[in-house]
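Observations on the model geometry
Read off the chains here:
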Amino acid sequence: MCGRKFVCKGVSNAVIDEKRERIVVLARQFGTGSLPHKLCSLYVYDFNAVHLFSINLPVRRRGCHFLAVDAEQSIVYLGCNQVLAVSVEERRLLRKMGPPDNVVYLWNQEMLHWLPHGLCVHAKTQDLYVCDVAHNCVHVFDKTGAFVSLICHHSDIRRTLLAPMYVAVDYQTNRICVASRFGTIGVYNHEGILERKYFDLPCLPTTSIRGMVVHPVTGNILVLDKDNGQLVILRLDGSHVRTLEFMKSRDKRFREGSLGCRPAASCNNRWGNASSLAIHAYSGHIVTTNPEHDCVCVSTFT
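Residues numbered from 1 in each chain as written. Predicted model: local features only at pLDDT ≥ 70, side-chain atom pairs only at ≥ 80, totals over all residues. Heavy atoms only, no water.

**Considerations on the overall build of the protein**
When you go through the protein residue by residue, the secondary structure sums to zero helices and 24 strands. Within the protein, the fraction of its 302 residues that count as buried is 59%. Long-range pairs, those at least 24 residues apart, make up 47% of the contacts in the protein between residues at least 6 apart in sequence. Summed over all atoms, the accessible surface of the protein reaches about 13500 Å², with 49% contributed by carbon and sulfur. (Helix = DSSP H or I, 4+ residues; strand = E, 2+ residues; numbered from the N terminus. Buried < 20%, exposed > 50% of the residue type's maximum accessible area, 1.4 Å probe, protein only. Contact = heavy atoms within 4.5 Å. Areas by Shrake-Rupley, 256 points an atom, 1.4 Å probe, with all protein chains shown as cover.)

**Details of the packing of aromatic side chains**
Evaluation of the coordinates by the stated rule reveals two aromatic pairs. Plain terms: the ring middles of F141 and F147 are 5.8 Å apart, the flat faces sit at 75° to each other, and that makes the pair edge-to-face. A residue is classified by how much of its surface remains accessible, and F141, at 0% relative accessible area, is buried. (Phe/Tyr/Trp six-rings, centres within 6.5 Å; stacked < 30°, edge-to-face > 60°.)

**Focus on the side chain of T184**
Here T184 lies in the loop between β14 (175-180) and β15 (185-188). Not counting the four nearest positions on each side in its chain, T184 is found in contact with L161, V178, A179, K197, Y198 and F199.

**Considering the sheet that holds strand β2 (residues 22-28)**
As summarised here, the arrangement of the four strands in space is β1-β2-β3-β4, forming an open sheet in which the pairing is antiparallel. The strands lining the two open edges of the sheet, one partner per strand, are β1 (11-17) and β4 (51-60). Sheet twist, expressed as the mean angle between neighbouring strand axes with direction ignored, is 20°. (Pairing = 2+ DSSP bridges. Axes fitted to C-alpha atoms, helices over the stretch in contact; angles between N-to-C directions.)

**Notes on the environment of I157**
Inspection of the secondary structure assignment puts I157 in the loop between β12 (147-151) and β13 (164-170). Of the residues examined, I157 reaches a relative accessible area of 45% and is grouped as partly exposed. Measuring from C-alpha to C-alpha, the distance between I157 and N136 comes to 9.9 Å, with 21 residues separating the pair along the chain. With residues near it in sequence (within four places) discarded, I157 still touches W107, L162 and K197.

**Quick look at the sheet that holds strand β9 (residues 116-121)**
Hydrogen bonds between backbone atoms are what pair the strands of a sheet, whose relative direction is either parallel or antiparallel. Strands sit in the order β9-β10-β11-β12 across an open sheet of four strands; the sheet is antiparallel. The open sheet is flanked by β9 and β12, the only strands paired with a single partner. Taken over all neighbouring pairs, the strand axes of this sheet differ in orientation by 25° on average, direction set aside. As defined by bridge partners, strand β11 (residues 137-141) adjoins β12 across four bridges and the pair is classed as antiparallel. Bridge assignment links V140 to a residue of β12, and that residue is S149.

**Some words on the layout of surface pockets**
Its volume calculated, the largest pocket comes out at about 970 Å³. Every residue lining the largest pocket is counted, 43 residues in all, and those nearest its centre are V15, L67, V213, L277 and A278. Mapped onto the lining of the largest pocket, the elements with two or more residues apiece are β1, β5 (66-70), β9, β13, β17 (209-214) and β22 (276-279). When residues of the lining of the largest pocket are assigned to their parent elements, the largest contribution, six residues, is made by β1. Partitioned by chemical class, the residues of the lining of the largest pocket number 27 nonpolar, nine polar and seven charged. A volume near 250 Å³ is recorded for the second largest pocket. Lining the second largest pocket are 14 residues, with P99, Y105, L112, H113 and W114 sitting closest to its centre. Looking at the lining of the second largest pocket, its residues break down into eight nonpolar, five polar and one charged. (1 Å grid on protein atoms, 1.4 Å probe; cavity = no way out; pocket = protein on both sides within 12 Å on 5 of 7 lines; lining within 4 Å. Points joined across faces, edges and corners; volume = space filled by probe spheres on them. Nonpolar A, V, L, I, M, F, W, Y, C, P; charged D, E, K, R; others polar.)

**Side note on the nonpolar core**
Grouped together as the largest cluster of nonpolar side chains are 21 residues, with contacts concentrated most on C177, I185, L204, M212, I221, V223 and L234. Those elements that provide at least two residues to this core are β13, β14, β15, β17, β18 (221-225) and β19 (230-234). The contact partners of V223, leaving out residues within four places of it in the chain, are I185, L204, I209, G211, M212, Q230, L231, V232 and L234. Listed in part, the 18 residues of the second largest apolar core include C40, L57, L67 and V69. (Core = buried A, V, L, I, M, F, W, Y, C linked by side-chain atoms within 4.5 Å.)

**Let's talk about the pattern of salt bridges**
This structure, assessed with the given rule, holds eight salt bridges. Here the residues in one salt-bridge network are D17, R20, R22 and E89, joined through shared partners. (Salt bridge = Lys/Arg side-chain N within 4 Å of Asp/Glu carboxyl O.)

**Quick notes on the pairing of β17**
Each regular strand carries side chains that alternate between the two faces of the sheet. The buried count for β17 comes to five of six residues, which makes it a mostly enclosed element. The pairing of β17 with β18 spans four bridges and is classified as antiparallel. If you follow I209 over to β18, its bridge partner there is D225. Turn length for the β17-β18 hairpin, with the two strands adjacent in sequence and antiparallel, is six residues, and the turn residue G219 shows positive phi of about 75°.

**Observations concerning the pairing of β13**
Counting buried residues along β13, seven of its seven residues qualify, which places the element largely inside the surrounding structure. The hairpin turn running from β13 into β14, its antiparallel successor, is four residues long, and N174 in that turn takes a positive phi close to 60°.

The following block contains the structure:
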């Protein structure tokens, strides 16, 4: 794996299909002639940087930056102005998803449209969780795309998160972790009731969160801190486990490999602008994207 490269210009996000051990990358669509370059495509690779196939989508790349994968159904969800479900095996758009018109919001009721952001699929139930920045809540959809409920949604500001950006699920305890635009992390139970709320964490000094996952084996929260080029690892109780510096490639806890980094780019700084985070639980692979260098980076840590 280490040192393998492929070109992936216009990359914005990547997720891992654990069941099939492959990486699904969202990037700008490139064509010839009159084909517009502003559409997006899904590029599927294995962990050896071998390109398997691509799926061109009739969706503009602008505003489409968020991915989640349902490994059981081989479906990739894209978040833009609405949520799109794409069948990877059939290589086609299955459905468009959104909340019903009769949903009652407790925040910003004057806003008619939702603003989906971070996405997460529950590995056991295949439920999809979608952060709604506009209405300070998380939408839940079942595996058929039907709307289930709103969670993490309360009129009391002390029991909700303003502008939730990223969501992750602890599959062992069914707890839901939500990170806000302002660097606050909330832990909710499966009914969406707040159990813990962390803010002003010394180990996470900025609000530059660009991704968050819960490790399915250890249950630790992994937070990508873009501005500081580091991966912050927390327990569910908010205590700090450790911080790994992406910028220091000589850190022995990381065996760093780059997939898709352009040879002309300054590879020594490729972690500094990482914009998304995914993890393969059992192999230990961590995948991040770096739009500045048009690359997808794969590392393992112990």
